[in-house]
Amino acid sequence: MISTLLGKKIGMTQVYDAQNVLVPVTVVEAGPCPVVQIKTTQVDGYNAVQLGYSKQKAKNASKAEKNHAKKAGLEDAPRLLSEVRLEEASTLKVGDVITVEAFKEGQFVDVIGVTKGKGFQGVVKRFRVGGGPATHGSMFHRRIGSIGMRQTPGRTWKNQAMPGHMGSLRRTLQNLTIVKILPEKNLLLVKGAIPGANGDDVIVRTAIKGQPKKA
Amino acid sequence: MSTHSILKEITAFQVKKDTPAFKVGDGVRVHTKVREGDKERTQIFAGIVIALKGSGIHETFTVRRISYGEGVERVFPVNSPNIEKIEIERTSEPVRARLYYLRSRLGKAAMAIKEKRVEKAVATK
C-alpha cells in the first residue's frame with residue numbers, strides 16, 4: 001500500500017490537542033487520488049503508480065489527457081498527475097482511489113511544495129548576509145562587499161552569496177506530525193508550516209525517515 | 001468553498017459558545033485549570049480586562065491586576081479548555097478600546113478607568 005497523496009494547501013490555523021495545548025497547524029486538502037496508471041518493469045522499465053488529483057474542465061484538457069483519463073475509467077481528466085516510484089510491483093489496480101485514510105493521526109509525513117516566489121533579491125534577504133551600518137556616513141548598506149581574495153586563490157569561491165532570483169523552489173519538509181484527519185472533507189491537519197502559498201499544490205507522503213517511537 | 005471558510009469550519013467545534021459577554025474595562029475573575037504533577041486544581045486570576053484581540057479560535061483577552069503593588073498582566077485564550085469559567089464582577093464603559101494607559105498609572109489610579117460621559121451622567125442622577 002502506498003501512502004502518497006496529491007493535494008492543496010488550504011491555510012494555517014490553530015487547534016487544541018488532547019493536552020489542551022494550542023497547536024499551530026496547516027490544513028491540507030489531500031486526495032482523493034485515483035490510480036490512473038500502473039507502471040511495471042516489464043512494460044515501462046520501472047515500477048510506479050501514477051496518481052491523479054482534482055479535475056480539469058473538458059475544454060481545457062487535451063485529447064491525450066482526456067483519453068488517458070478515460071482508460072483509467074475517469075470522467076474528467078485530472079488537473080495533476082504524479083508518479084510514485086516503487087521497489088516492487090504494486091498491488092493496486094487502475095481505478096482504485098487513495099484517500100486521507102491512508103494516513104493515521106500522530107504519524108510523521110513529509111510535505112513537498114513549491115516555495116513562494118520572492119523575485120530578484122539582494123544578498124541580505126537571499127543569503128542573510130549582515131550588510132553594513134545604516135548611518136554614520138557608512139555608504140555601505142545592503143551591498144554584497146568583497147567576493148574573494150587576491151592572487152590566491154585568484155578566483156571567486158563557489159557558493160559565493162550574490163543577488164539573484166529567490167523562492168519558487170521545490171522544497172520538502174520532513175517529519176511533520178499529523179494532528180488530525182477529517183476523512184469526510186479529505187483534510188489533513190499537519191503540525192507547523194509547509195512551503196507555498198494558500199491554494200498551491202503539495203504532495204504529502206509517509207515520512208521516509210521513519211515514524212515516531214511509541215512512548 | 002473558500003479556504004477561509006474551511007479554516008473556520010474546522011476550528012468551529014473548539015470555539016466556545018457559552019463564554020460570558022465581557023468587554024474591555026470589565027472586572028473579571030478567570031478560573032483556570034492548573035496541573036501540578038498528577039493533581040489538578042483551579043486557580044483564579046482577578047483583574048481588569050484591558051484588551052480583546054483576534055477572532056474565532058485565535059481570540060485572546062488581557063487581564064491586568066495590581067498584585068502586592070506590582071502590575072501583573074496575563075493573556076488568556078478565550079477558547080482554551082483550561083479556562084473553566086469567567087465571572088464578571090463589575091462593568092464599565094471605557095473611552096478607549098484598549099486600556100494600555102493603565103500601565104503607566106500608580107496606586108489607586110491604576111485601577112480607575114475613565115468612563116464615557118453619558119454613562120457618568122446616568123450614574124450621578
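Residues numbered from 1 in each chain as written. Chains lettered and ligands numbered in written order. Predicted model: local features only at pLDDT ≥ 70, side-chain atom pairs only at ≥ 80, totals over all residues. Heavy atoms only, no water.

*Asks:* Let's hear about the interface of chain B and chain A: which residues, and what values?
*Replies:* Taken together, the contact between chain B and chain A spans 15 residues of the former and 14 residues of the latter. Together chain B and chain A conceal approximately 1400 Å² of surface at their shared face, both sides included; 65% is due to carbon and sulfur atoms. The three residues of chain B that bury the most area against chain A are Leu-7, Ile-10 and Gln-14 of chain B, which together make up 34% of that side's buried surface. At the boundary of chain B with chain A, the tally comes to 1 salt bridge. For Glu-9 of chain B, the salt bridge identified is with Lys-185 of chain A, shortest N-O distance 3.3 Å. (Contact = heavy atoms within 4.5 Å. Buried area = accessible area lost by both parts, 1.4 Å probe. Salt bridge = Lys/Arg side-chain N within 4 Å of Asp/Glu carboxyl O.)

*Asks:* Just give me the short version of unusual backbone geometry, but keep the residues and values in it.
*Replies:* Following Thr-152 of chain A, the chain continues to Pro-153 of chain A via a peptide bond in cis, the omega torsion being 5 degrees. Tracing the sequence through the fold places Pro-153 of chain A in the loop between helix H3 (123-127) and strand S9 (164-166). A positive phi angle, near 55 degrees, is found at Ser-168 of chain A, a position not held by glycine. Here Ser-168 of chain A lies in the loop between S9 and strand S10 (170-182). Positive phi is not limited to glycine here, since Tyr-68 of chain B has a value of about 50 degrees. Here Tyr-68 of chain B shows up in the loop between strand S3 (60-67) and strand S4 (70-77). In this structure Tyr-68 of chain B comes out as exposed when scored by relative accessible area, which is 87%. (Helix = DSSP H or I, 4+ residues; strand = E, 2+ residues; numbered from the N terminus. Buried < 20%, exposed > 50% of the residue type's maximum accessible area, 1.4 Å probe, protein only.)

*Asks:* Report on the sheet that holds strand S4 (residues 47-53) of chain A, specifying residues and quantitative values.
*Replies:* All names here are of chain A. Sheet architecture is open: 4 strands sit in the order S5-S4-S3-S6, paired in antiparallel fashion. Here the strands that pair on one side only, and so sit at the sheet edges, are strand S5 (80-86) and strand S6 (97-98). Inspection of the sheet shows S4 paired to S5 by 7 bridges, in the antiparallel sense. Residue pairing across strands places Leu-51 opposite Ser-82, the latter belonging to S5. (Pairing = 2+ DSSP bridges.)

*Asks:* If you had to explain the sheet that holds strand S1 (residues 27-36) of chain B to someone new, which residues and values would you point to?
*Replies:* Residue and element names in this part refer to chain B. Strand order in the open sheet made by the 5 strands is S4-S3-S2-S1-S5, with antiparallel pairing throughout. Across the chains shown, the open sheet's two edge strands, defined by having one partner strand only, are S4 and strand S5 (83-90). The sheet shows a mean angle of 40 degrees between the axes of neighbouring strands, direction not considered. Examined bridge by bridge, S1 and strand S2 (residues 39-53) share 10 bridges and lie antiparallel to one another. Directly across from His-31, in S2, lies its bridge partner Ile-44. (Axes fitted to C-alpha atoms, helices over the stretch in contact; angles between N-to-C directions.)

*Asks:* Please set out the confidence of the model for chain B residue by residue, giving values where relevant.
*Replies:* Residues at a pLDDT of 70 or more form 85% of chain B, whose mean pLDDT is 81. For this predicted complex, the interface score ipTM comes out at 0.71, while the overall pTM is 0.80. (pLDDT = per-residue confidence, 0-100.)

*Asks:* Lay out the pattern of salt bridges with the relevant residues and their values.
*Replies:* Residue and element names in this part refer to chain B. Summed over all chains, the structure comprises 11 salt bridges over all chains. For Glu-87, the salt bridge goes to Arg-29, with nearest N and O atoms at 3.5 Å. Separated by 58 residues along the polypeptide, Glu-87 in strand S5 and Arg-29 in strand S1 bring together distant segments of the chain. Glu-87 sits in the partly exposed class, given a relative accessible area of 31%. The network of salt bridges with shared partners includes Arg-29, Glu-87 and Glu-89.

*Asks:* Kindly report on helix H1 (residues 3-11) of chain B, identifying the contributing residues and their values.
*Replies:* Those residues of H1 of chain B lying buried are Ile-6, Leu-7, Ile-10 and Thr-11 of chain B. One side of H1 of chain B carries all its buried residues, which in axial view fall inside an arc of 120 degrees. Of the exposed residues in H1 of chain B, the ones pointing more than 90 degrees away from its buried face are His-4 and Lys-8 of chain B. In this structure, the buried residues of H1 of chain B make contact with strand S1 (4-16), strand S2 (22-30), S10 and strand S11 (187-191) of chain A. (Arc of directions from axis to C-beta.)

*Asks:* So, the confidence of the model for chain A: which residues are in play, and what are the values?
*Replies:* Overall, the prediction assigns chain A a mean pLDDT of 88, with 98% of residues at 70 or greater. Confidence scores differ between elements of chain A, with helix H2 (residues 63-71) of chain A showing the lowest mean pLDDT of 85 and strand S8 (residues 119-121) of chain A the highest of 95.

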